[in-house]
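Here are the chains, one letter per residue:
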Amino acid sequence: MDISVVIPLYNEEESIPELFEWIKHVMAANHFTYEVIFINDGSTDASWKKIQEISNQSSNVRGLKFRRNYGKSAALYQGFKKAQGNVVITMDADLQDSPDEIPDFYHMIIEEGYDLVSGYKKKRYDPLSKTLPTKLFNATARKISGIHNLHDFNCGMKAYRLQVVKNIEVYGEMHRYIPYLAKNAGFSRIGEKIVHHQPRKYGNTKFGGLNRFFNGYLDLLSLWFLTQFGFKPMHVFGFLGSVMFFIGFVAILIVGATKLMAIISGLHAPLVTSSPYFYIALTMMILGTQLFMAGFIGELISRNSLNRNNYQVEDEI
Ligand code: UDP
Ligand code: MG
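Our next topic: the overall build of the chain. When its secondary structure is counted, the chain shows ten helices and seven strands. Taken over the C-alpha trace, the chain has a radius of gyration of 27 Å; the compact-globule value for 317 residues is 20 Å, which it surpasses by more than 25%. Counting only C-alpha atoms and orienting by the principal axes, one finds that the chain spans roughly 100 × 50 × 35 Å. When the 317 residues of the chain are sorted by exposure, 35% land in the buried category. Considering only contacts within the chain whose residues lie at least 6 apart along the sequence, 83% involve residues at least 24 apart.

In structure tokens, the structure reads:
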């Protein structure tokens, strides 16, 4: 099979039939063998009925229905598990992404050798309250992930080589960082393609508000931290802890030595507790020990992790 189209959807009853007709048309015109996998993420409208209807008409349609709403990442993850096509294409169900782009995405993966191609909505038809935070967000994501050629991490339309989707785990709100997840799994040929974007035809956006923005940043931070230090917590915490402890220790030696010198030379020797350096030294030593312990406990936990020996094997002879 050439292509699997994975479509996560939450209350998109109006768009589903129209979207499928459009995809069907594009696939037929290009002679692709394909499947369309609809993941109904706990919709409360007639979305599932619409999917049933089109699956009766066409054997290329597959569907999965969550009992409740789990979020776009969960939907994508399940869709990825089911996908069988050599190229997996994800797109939103709301008709903001155009199926006409599918052939170009396919060729970039198959002929130009990309592992992942991300769409780039250069001209967006969303309100400013969405586009402005997105710009900021993408700049940060580029910096942290080290994928400098992507302008639009969160674009719903992306294409993947089949191995990529089978080897990444999208959970929580991580659908915003799939290129970063792919990079961490060792898929480094990541490209971008400018896509056309349309205003939402039916319904409203499912991702509104400031929450999206803050959660997005927190996820990015935890992902960064996990990939940087997740497997070697001792290297960060142990190092910081040791440095702090050392500084505190030297400081306490100086405080003690000053006191001794004063006593020996018969000068008036104030209490060590009246020196601010004493308290600084004390705090440094305590914090240093705690950081060190945090590193050590982290190390014990990662030693017990089920994934500790999961490596990405690309080939075997
Ligand atoms: N979506 C989903 N589960 C959710 C929220 C959204 O499957 O909990 C789907 C939604 O139906 C759409 C896609 O994710 O197909 C993108 O959502 P939306 O268009 O609302 O996001 P926007 O384009 O406004 O960023
Ligand atoms: Mg949309």
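There's plenty left to go through after this.
The end-to-end C-alpha separation of helix 9 (residues 233-264) is 46 Å, in line with the 46 Å expected for 32 residues at 1.5 Å each. Of the residues making up helix 9, those classed as buried are Phe237, Gly241, Met244, Gly248, Ala251 and Val255. Positive phi shows up at Gly266, right after helix 9, with a value of about 70 degrees.

We now examine the environment of Gln52. By the element assignment, Gln52 lies in helix 2 (residues 47-57). Placed 248 residues apart in sequence, Gln52 and Leu300 show a C-alpha to C-alpha distance of 49 Å.

With respect to topology, seven strands assemble into an open sheet ordered 3-2-1-4-6-5-7, the strand pairing being mixed. In this open sheet, the two strands that pair with only one neighbour each are strand 3 (61-65) and strand 7 (190-194). Going from strand to strand, the sheet's axes swing by 20 degrees on average, the running direction of each strand aside. In this structure, strand 2 (residues 34-40) lies alongside strand 3, joined through five bridges in parallel fashion. Of the residues in strand 3, the one forming a bridge with Asn40 is Lys65. Together, strand 1 (3-9), strand 2, strand 3 and strand 4 (87-90) form the strand contacts of helix 3 (residues 72-82), whose direction differs from that of strand 1 by roughly 155 degrees.

Let us look at the site of ligand 1. Neighbouring residues of ligand 1: 17 residues in total, closest Pro8, Tyr10, Ala93, Thr205 and Lys206. Mapped by element, the contributors of at least two residues to the shell around ligand 1 are strand 1 and helix 3. When its residues are assigned to classes, the shell around ligand 1 shows six nonpolar, five polar and six charged.

This part covers the environment of Tyr34. Tracing the backbone shows Tyr34 in strand 2. The buried category is assigned to Tyr34, around which 21 C-beta atoms lie within 10 Å. Linking Tyr34 and Val236, residues 202 residues apart in sequence, is a C-alpha distance of 47 Å. When near neighbours in sequence (up to four residues on either side) are disregarded, Tyr34 contacts Met1, Asp2, Ile3, Val5, Met27, Asn60 and Gly85.

Bringing the nonpolar core into the picture now. Among the nonpolar cores identified, the biggest contains 60 residues, and Val5, Val6, Ile7, Val36, Ile89 and Tyr177 are the most heavily contacted of them. Beyond its immediate sequence surroundings of up to four residues, Ile7 is in contact with Val36, Ile37, Phe38, Ile39, Met91 and Ala93. Of all hydrophobic cores here, the second largest spans seven residues; its members include Met244, Ala251, Val255 and Met284.

Turning our eyes to something else, we now look at the packing of helix 5 (residues 128-145) against helix 8 (residues 211-229). Helix-helix packing is characterised by the crossing angle of the two axes and by the distance between the axes. Direction vectors running N to C along helix 5 and helix 8 enclose 0 degrees, while the axes themselves pass 11 Å from each other. For the element pair helix 5 / helix 8, the angle class is roughly parallel. Along the contact surface, helix 5 presents Pro133, Phe137, Thr140, Ala141 and Ile144, while helix 8 presents Phe213, Gly216, Leu220 and Trp224.

Cut-offs applied
- Residues numbered from 1 in each chain as written.
- Chains lettered and ligands numbered in written order.
- Predicted model: local features only at pLDDT ≥ 70, side-chain atom pairs only at ≥ 80, totals over all residues.
- Helix = DSSP H or I, 4+ residues; strand = E, 2+ residues; numbered from the N terminus.
- Rg over C-alpha atoms; globule rule 2.2 N^0.38 Å.
- Buried ≥ 20, exposed ≤ 12 C-beta atoms within 10 Å, placed from the backbone.
- Contact = placed C-beta atoms within 7 Å.
- Expected span 1.5 Å × (residues − 1).
- Pairing = 2+ DSSP bridges.
- Axes fitted to C-alpha atoms, helices over the stretch in contact; angles between N-to-C directions.
- Near = placed C-beta within 6 Å.
- Nonpolar A, V, L, I, M, F, W, Y, C, P; charged D, E, K, R; others polar.
- Core = buried A, V, L, I, M, F, W, Y, C linked by C-beta atoms within 7 Å.
- Parallel < 35°, antiparallel > 145°, perpendicular 65-115°, else oblique.

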